[in-house]
Amino acid sequence: MARWLGRDVVSILDFTRDELLDLFEAASGLEGVLESGRARRLLEGKIVSLAFFEPSTRTRLSFEAAAKRLGAETIGFTAAEATSIAKGENLADTVRMLDGYSDLIVIRHRYEGAALYAAEIAEKPVINAGDGRQHHPTQAMLDLYTVNRLYGTVDGLVYGVLGDLRYGRAATSFLLALTRFKPKMVYLISPPLLRPREEVYMALRQQGLPFQETESLEEVLPELDVLYVTRIQRERFPDLRDYEKVRGSYRVTLDLLQRHAKPELKVLHPLPRVDEIDYRVDGSPYQAYFLQARLGVPVRAALLAKILGAW
Ligand code: NCD
């Protein structure tokens, strides 16, 4: 699969269905061997840069764990304050340095297009770990891998995507990723202020995704196989008064699920959660978000191994 070697990962739309399935196969193959230490030769001698200009827990740590399980070393930073960016260094110069120090760059930045820009500057492959409200392709990969793991398929299911579809890059990338498969129906569930941006609608329509919009979770809940919940992205609102209007506007409780959902419904969430899923859901059979977070390691390991030519 020569197409993987040296490849940049900017948007989930850069990938075909077959490529995503190929990635899932690799992730599944790695799942069993990562923890045993048997994959530690795969990226021996490689260095992966983790350039996180924005806060992160899962994405950074799962990339780091994935790289280390494959025997690679990691360098990087988790707060731009600790680097020369605090002295006024620009993004391009920082990327050039990392390009010279490592074999692959994982970047998260609050500016839309930052990863694409980095990919144009760097000779080494660049993976987008989130650029502003725009894309979060590796999150979408692990989200669909989780669905595939739970249902044995991504096709034919009814999905509900709940919450901040306007500023949430995880929700956006999840929706774009679904266009590569054949969902039966996708419900976009959000208050009007949090509906997707026009360019996202355009992409969904252009790709032929079967979707419907609603404000009511209750109404569609009985039909859902997968409920993808997201946090309201307070930090990305241009006007905090709008945030105040939608704050706390939805909440998934155990009671709501028990009353309306199918017993086999699975609840996903890219995390971090604030108050949109009640803690009582955690111990229920609906909860799949902790498994989802864990699967970030094999999926990101598969991606690193493929791009660096080790799988
Ligand atoms: C998401 C993100 O950073 O976009 N988190 C993640 O990577 N798991 C979602 C969020 O911050 O709400």
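Being a predicted model, the structure only gives us computed values, none of them experimental.

Conventions we followed
- For every chain, the first residue of its written sequence is number 1, and the numbers climb from 1 along that sequence.
- Reporting in this predicted model follows two pLDDT cut-offs: at least 70 for local features of residues, and 80 or more for side-chain atom pairs to be given and counted; totals over whole chains, interfaces and linings ignore these cut-offs and use all residues.
- Working from all heavy atoms in the structure, the side-chain values ignore hydrogens and water.
- Secondary structure elements are taken from DSSP: a helix is a run of H or I of four residues or more, a strand is a run of E of two residues or more, and numbering for both begins at the N terminus.
- The size measure is the radius of gyration over C-alpha atoms, and the globule rule it meets is 2.2 Å times the number of residues to the 0.38 power.
- Residue burial is assigned from relative accessible area. The probe radius is 1.4 Å, only protein chains are included, and a residue is buried under 20% of its type maximum, exposed over 50%, and partly exposed in between.
- The contact rule is simple, with two residues in contact once any of their heavy atoms fall within 4.5 Å.
- Using a 1.4 Å probe, accessible areas were evaluated by the Shrake-Rupley method; residue-level cover was limited to the displayed protein chains.
- Neither His nor the chain termini are counted; the positive set is Lys and Arg, and the negative set is Asp and Glu.
- By convention, the point assigned to a charge is CZ for Arg, NZ for Lys, CD for Glu and CG for Asp.
- Buried Ala, Val, Leu, Ile, Met, Phe, Trp, Tyr and Cys residues that are joined via side-chain atoms within 4.5 Å together make up what is termed a nonpolar core.
- Domain boundaries shown here were taken from an automatic or database domain assignment.
- Accessible surface is computed with a 1.4 Å probe, and the buried area is the amount of it that two parts give up when combined, taken over both parts together.
- Whenever a carboxyl oxygen of Asp or Glu lies within 4 Å of a side-chain nitrogen of Lys or Arg, that contact is scored as a salt bridge.
- Two N or O atoms form a polar contact when they lie within 3.5 Å of each other; inside protein one atom must be a possible hydrogen donor and the other a possible acceptor, and for residues adjacent in sequence the pair counts only when both atoms belong to side chains.
- Residues are grouped as follows: Ala, Val, Leu, Ile, Met, Phe, Trp, Tyr, Cys and Pro are nonpolar; Asp, Glu, Lys and Arg are charged; every other residue, Gly included, is polar.

**Q** Could you give an account of the overall build of the protein chain, with specific residues and numbers?
**A** Looking only at helices and strands, the protein chain has 12 helices and nine strands in total. Since a compact globule built from 311 residues should have a radius of gyration of about 19 Å, the 19 Å found for the protein chain is in line with a globular shape. Across its three principal directions, the C-alpha atoms of the protein chain cover 55 × 45 × 40 Å. The 311 residues of the protein chain split such that 58% are buried. Taking contacts inside the protein chain between residues at least 6 apart in sequence as the whole, the part at least 24 apart equals 73%. For the protein chain, the accessible area works out to roughly 13400 Å², and carbon and sulfur atoms hold 48% of it. The centroid of the 41 positive side-chain charges in the protein chain is displaced by 3 Å from the centroid of its 42 negative side-chain charges.

**Q** How would you explain the nonpolar core if you had to name every residue and give the values?
**A** In terms of nonpolar packing, the biggest core is built from 68 residues, with L70, V106, I127, M141, Y159, V186 and L304 touching the most fellow members. Two domains each put at least three residues into this core: domain 1 (12-135 + 296-307) and domain 2 (137-293). Beyond its immediate sequence surroundings of up to four residues, L70 is in contact with L30, L34, A39, R40, R41, L42, L43, E44, A301, L304 and A305. Of all hydrophobic cores here, the second largest spans 30 residues; its members include V246, Y250, L254 and V281.

**Q** Tell me about the domain arrangement of the protein chain, and please be specific about residues and values.
**A** Assigned domains within the protein chain: domain 1 (12-135 + 296-307) and domain 2 (137-293). Taken together, the 29 residues of domain 1 in the interface contact 30 residues of domain 2. Across the domain 1 to domain 2 interface the summed buried area is about 2700 Å²; carbon plus sulfur atoms make up 60%. Of all residues in domain 1, I12, R17 and R133 give up the largest surface area on contact with domain 2, accounting jointly for 28% of the area buried on that side. On the surface where domain 1 and domain 2 come into contact, there are four salt bridges. Connecting domain 1 to domain 2 are 12 residue pairs in polar contact (both at pLDDT 80 or more). When contributions to the side of domain 1 that touches domain 2 are tallied by element, the ones reaching two or more residues are α1 (17-34), α2 (58-69), β3 (104-109), β4 (126-131) and α12 (296-307). Sort the elements by how many residues they give to the side of domain 1 that touches domain 2 and α1 lands first, with eight residues. For the side of domain 1 that touches domain 2, the residue count by class is 12 nonpolar, nine polar and eight charged.

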